[in-house]
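Residue-level structural notes
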Amino acid sequence: AIYVCGKVFKYLLSHGGLEAQYQRNLEKANILYDYLDNSQMFHGTVKKEFRSLMNVPFVTGDPELDAKAVAFTKPPGWKPEGPPLCGRPAASIYNAMPKAGVQALVDCLKEFEAQNR
């Protein structure tokens, strides 16, 4: 465990430290939240003041459509189940997820939304 912590600390330091990582995570989360806040189909399940930068649960409001969206979006690499009290599905956008991965998920959700209006 100490070895892994050392690797993580060295990585963070070589990439600007904690504040820089926080800014990267904030930027990634904002890409997804901006989409969800403006989507006609999807909406987040957590109040804005309690939103996570790492796990972003969202739904359509229709469990069958949610399941269809999960099947449609599996290739971009997102977590199909969110925390039970927050609803499903959820995107996990941890430190290792690049901004391009979050944008790919948003693009996929936009495509799904356009095909299922």
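Note that the structure is a prediction, hence the values are computed from the model and not measured.

Quick look at helix α1 (residues 2-14)
With 13 residues, α1 extends 18 Å between its outermost C-alpha atoms, agreeing within 8% with the 18 Å of an ideal straight helix rising 1.5 Å per residue. By the criterion of burial, α1 is predominantly exposed, with just one of the 13 residues buried. Downstream of α1 by one or two residues, Gly16 has phi in the positive range, about 100°.

Thoughts on helix α3 (residues 63-73)
Regarding α3, the residues found buried are Leu65, Asp66, Ala69, Val70 and Thr73. Buried residues of α3, seen end-on, are gathered within an arc of 145° and therefore sit on one face of the element. Those residues of α3 that are exposed and aimed more than 90 degrees away from the buried face are Glu64 and Ala71. Where α3 is buried, its residues contact β2 (55-59) and α4 (99-115). The N-cap residue of α3 is Asp62: its side-chain oxygen and the backbone nitrogen of Glu64 are 2.9 Å apart.

Examining the nonpolar core
Across soluble globular proteins, nonpolar side chains have a tendency to be buried as a group. Leu32, Leu36, Phe42 and Leu109 are the most contacted members of the largest nonpolar core, which totals 20 residues. Elements that contribute at least two residues to this core include exactly α2 (17-38), β2, α3 and α4. When residues of this core are assigned to their parent elements, the largest contribution, six residues, is made by α2. Setting aside residues up to four positions removed in sequence, Leu32 forms contacts with Val56, Ala91, Val102, Leu105, Val106 and Leu109.

The rules we used
- Residues numbered from 1 in each chain as written.
- Predicted model: local features only at pLDDT ≥ 70, side-chain atom pairs only at ≥ 80, totals over all residues.
- Heavy atoms only, no water.
- Helix = DSSP H or I, 4+ residues; strand = E, 2+ residues; numbered from the N terminus.
- Expected span 1.5 Å × (residues − 1).
- Buried < 20%, exposed > 50% of the residue type's maximum accessible area, 1.4 Å probe, protein only.
- Arc of directions from axis to C-beta.
- Contact = heavy atoms within 4.5 Å.
- Polar contact = N/O pair within 3.5 Å; in protein donor to acceptor, adjacent residues only side chain to side chain.
- Core = buried A, V, L, I, M, F, W, Y, C linked by side-chain atoms within 4.5 Å.

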